[in-house]
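Survey of secondary and tertiary structure
Listed below are the residues making up each chain.
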Amino acid sequence: MTEFLQQLVNGLALGAVYALIALGYTMVYGVLRFINFAHSEVFMAGAFAGYFLARLIPTGSVVGGLLVLAGAMLICALLGVLIEKLAYRPLRGRSTLTALITAIGVSLLLQNLGQRIFGPNPRSFPVLFPLHYFHLGGVVLSSAQLILFAVTAVLLLGLRHVVMKTRIGTAMRALSFNPVAASLVGINNDRVISFTFALGSALAAAGGILYASSYPSIDPLMGTLPGLKAFVAAVLGGIGNIPGAALGGVVLGLVETLVVALGGSTYRDAVAFAVLILILLFRPNGLLGRLQTEKV
Amino acid sequence: MLEVERLSVRYGAVQALHEVSLSIEEGAIVTLIGSNGAGKSTTLRAISGLLRPAGGTIRYCGERIDRLPAHAIVGRGLSQVPEGRMVFANLSVRENLQMGAYLQRDRALVQRELERVFSLFPRLQEREQQVAGTLSGGEQQMLAIGRALMSRPKFLMMDEPSLGIAPLLVATIFEKIVEINRSHGITVLLVEQNANLALDISSHGYVLETGRVILHDRSAALRADERVRSAYLGA
Ligand SMILES: Nc1ncnc2c1ncn2[C@@H]1O[C@H](COP(=O)(O)OP(=O)(O)OP(=O)(O)O)[C@@H](O)[C@H]1O
Ligand SMILES: [Mg+2]
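Throughout what follows, the structure given in this document is the object of discussion. None of the values given here were measured: they were computed from a predicted structure.

1. What about the overall build of chain A?
- In terms of regular secondary structure, chain A is built from eleven helices and four strands.
- Compactness check: chain A gives a C-alpha radius of gyration of 19 Å against a globular reference of 19 Å for 296 residues, within 12% of the reference.
- Expressed as lengths along the three principal axes of its C-alpha atoms, the size of chain A is roughly 60 × 45 × 35 Å.
- For chain A, the proportion of its 296 residues judged to be buried stands at 54%.
- Of the contacts made within chain A by residues no fewer than 6 positions apart, 78% connect residues no fewer than 24 positions apart.
- Each charge class in chain A can be summarised by its mean position, and for the 18 positive and 8 negative side chains these summaries are 10 Å apart.

2. What to know about the overall build of chain B
- A count of helices and strands for chain B gives ten helices and ten strands.
- In terms of overall dimensions, chain B has a C-alpha envelope of 45 × 40 × 35 Å along the principal axes.
- Burial statistics for chain B: of 235 residues in total, 55% are counted as buried.
- For chain B, the exposed area adds up to about 10,100 Å²; of that, 47% sits on carbon and sulfur atoms.

3. Some details on the coordination of the magnesium ion (ligand 2)
All names here are of chain B.
- Coordination of the magnesium ion (ligand 2) by the protein is provided by Ser-41 (OG), Glu-83 (OE) and Glu-83 (OE), with metal-donor distances spanning 1.9 to 2.7 Å. Taken together, the residues Ser-41 in helix 1 (residues 40-47) and Glu-83 in the loop between strand 6 (78-81) and helix 3 (93-100) connect sequence positions 42 residues apart.
- For Ser-41, a relative accessible area of 12% corresponds to the buried category.
- Overall, the relative accessible area of 30% leaves Glu-83 in the partly exposed class.

4. Comments concerning the nonpolar core
- With 98 residues, the main nonpolar core has A:Tyr88, A:Ile187, A:Ile218, B:Phe88 and B:Met99 as its most contacted residues.
- With 15 residues, the top contributor of residues to this core is helix 1 (residues 2-32) of chain A.
- For B:Met99, the contacting residues outside a window of four places in its chain are A:Arg167, A:Thr170, A:Ala171, A:Ala174, A:Val185, A:Ile187, B:Phe88 and B:Leu91.
- B:Val87, B:Leu149, B:Val178 and B:Ile201 belong to the second-largest nonpolar core, a separate cluster that totals 45 residues.

5. Concerning the site of ligand 1
Residues and elements named next belong to chain B.
- Among the 14 residues in the neighbourhood of ligand 1, the closest are listed as Asn-36, Lys-40, Ser-41, Thr-42 and Glu-83.
- Contact between ligand 1 and Ser-41: an oxygen atom at 2.7 Å from a side-chain N or O atom of the residue.
- Between ligand 1 and Gln-193 there is a distance of 2.9 Å, counted from an oxygen atom to a side-chain nitrogen or oxygen.
- Burial of ligand 1 by the protein amounts to 63% of the accessible area it has alone, namely 640 Å².
- Partitioned by chemical class, the residues of the shell around ligand 1 number three nonpolar, seven polar and four charged.

6. Description of the interface of chain B and chain A
- The interface of chain B with chain A comprises 20 residues on the first partner and 20 residues on the second.
- Taken together, the two surfaces of chain B and chain A that pack against each other cover about 1,900 Å², and 65% of this comes from carbon and sulfur.
- Those elements giving two or more residues to the side of chain B that touches chain A turn out to be helix 2 (70-75) and helix 3 of chain B.
- When grouped by side-chain class, the residues that make up the side of chain B that touches chain A number twelve nonpolar, five polar and three charged.

7. With respect to the side chain of B:Asn96
- Position of B:Asn96 among the secondary structure elements: in helix 3.
- According to the relative accessible area criterion, B:Asn96 is buried, its value standing at 0%.

8. What about helix 1 of chain A?
- End to end, helix 1 of chain A covers 45 Å across 31 residues, agreeing with the expected 45 Å (1.5 Å per residue, within 8%).
- By the criterion of burial, helix 1 of chain A is predominantly enclosed, with 24 of the 31 residues buried.

Parameters and conventions
Within each chain, residue numbers correspond to sequence positions counted from 1 in written order. All chains are assigned letters beginning at A, and all ligands numbers beginning at 1, according to the order in which they are written. Under the rules for a predicted model, residues below a pLDDT of 70 receive no local features and side-chain atom pairs below 80 are neither given nor counted, while totals for whole chains, interfaces and linings still include all residues. Side-chain measures here rest on the full set of heavy atoms in the structure, leaving out hydrogens and waters. Only DSSP runs of H or I with at least four residues qualify as helices, and only runs of E with at least two residues qualify as strands; both kinds are numbered from the N terminus onward. When we talk radius of gyration, it's over C-alpha atoms, and the globule rule is simply 2.2 Å times the number of residues to the 0.38. Under the scheme applied here, a residue whose accessible area is under 20% of the maximum for its type counts as buried, over 50% as exposed, and between as partly exposed, the area being computed with a 1.4 Å probe on protein chains only. The contact definition used throughout considers only heavy atoms, calling two residues in contact when any of these lie within 4.5 Å. Neither His nor the chain ends contribute to the count of charged residues, in which Lys and Arg are positive and Asp and Glu negative. Each charge is placed at NZ for Lys, CZ for Arg, CG for Asp and CD for Glu. The method behind every accessible area is Shrake-Rupley, applied with a 1.4 Å probe, and residues are considered shielded solely by the protein chains displayed. With water excluded from the atoms, a metal site may look incomplete; its donors are any N, O or S atoms within 2.8 Å, or within 3.2 Å for Na, K and Ca. What is meant by a nonpolar core is a set of buried Ala, Val, Leu, Ile, Met, Phe, Trp, Tyr and Cys residues, joined one to another through side-chain atoms within 4.5 Å. Throughout, the term near means that a residue has one or more heavy atoms lying within 4 Å of the molecule or strand in question. Any pair of nitrogen or oxygen atoms within 3.5 Å is treated as a polar contact; in protein, a donor-acceptor pairing is required on top of that, and neighbouring residues in sequence qualify only through side-chain atoms on both sides. Residue polarity follows a fixed list, in which Ala, Val, Leu, Ile, Met, Phe, Trp, Tyr, Cys and Pro are nonpolar, Asp, Glu, Lys and Arg are charged, and the others, Gly among them, are polar. Here's the idea: put two parts together, see how much 1.4 Å probe accessible area each one loses, and the total over both is what we call buried area. Multiplying one less than the number of residues by 1.5 Å gives the expected span of a helix.

Any functional reading would require information beyond the geometric quantities listed.
Following this line, the structure appears as structure tokens:
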């Protein structure tokens, strides 16, 4: 039982990271109807931003750690906006396939750029937050995990507020339903799309920092697997569905961790793809349903 | 107020409008009639900035607007109720109306406009929190008109507001259009297939056929025109 609870905690922690990344896929899908495969590299860039910021900002305290986190989120928000402006905006109006191929190209470009700039070797990620272990019954909770849960919860609630209650968030939902109608009410669609990339990229950066704090080795290719799995999480929740992405992330993190705990560690990375195949077969709209689009 | 001169629009290889010219005076209701595929919606889309003209000019209050993006045109006071209503089905009635006032930062003004729309369409107030996708067709049309009014336009274009709506409600909608014009002082360009009603409430009309203006005159004169009577009034 204790072992099960322990795995549950570990699974939730992994799932929280997947959720943070999955949100970016799903939000961008909502406004542009394509999968931004370069998103996994934004996650990687977030971890590297944290690595370098930790040299400038004294870490090891909660405040210092949070400052690094906020800085990396800001840097990646800008990176996301830049990627959209330079790579995707010029192709607006072309086919989805064109955008998809471009996204894969940007992803490869960023991976190679990362290897060029940071070198291909793994670096160990600094300890951002004070390290403690808490024992609850037989379950061990690390301070890194607690911070991960707290940060994720705050970010998810904040995102919910932005999307549901603010003017720009409502514009995002309006645009994802009907871009023509959105521009007819005076919404500058390009601006809302930039905002969406900023938001999704900032969340991915947070995911990158939290992930690197738990698995403290970073390299320029580190985004690939978590990125793919988060994409599966977004599909699992129903692509375009924001609460769905969060739920899909958590479910996937739990399933993966439990499979590993049951002795299937060789299958760790296969779990996500098995899940993907199962959803596509049995519930192609995902757990919470796909983004609603206008029936014509 | 609005001067369209020799406007041409193409969709790829297809030319949908051939040198269409319109002139609409402030305070008027002007109608644009024509059969399916004549180019009525294309004309409105071009004026709203959703399509780039291949030729010609569009002037609003003396200034060219044919190079402006759609969202900037709304900011100038031109608004459109698009064909098929296009309400944001995933948003509540209230959120739809708030989006209509997207460019208005002054909350007090937005609130005042909201009250004005609610007094025009009390039904919308009853459904304020309802998700727009669950409204009936007629209610969605009211919402689409209300949303367009929220930007406080001086010039309002409506694309077939009677389409797919019960006859009884059509009469109501047309009364509201007249009210919007008279008491809100909004100039109206009305696209309709229901030429009878449209010519009733308008002062002038244009008849569009395969992308060309073939007739324009006072509405009363168009009503009497033999070609209009046989092609559009079922007489
Ligand atoms: N997106 C498009 N791509 C290609 N051709 C188009 C497109 N939209 C309209 N057309 C063509 O342009 C012409 C004018 O269409 P438009 O929609 O303006 O007609 P309409 O007068 O509004 O007709 P209706 O009464 O059916 O709404 C038609 O021949 C139509 O097939
Ligand atoms: Mg039309």
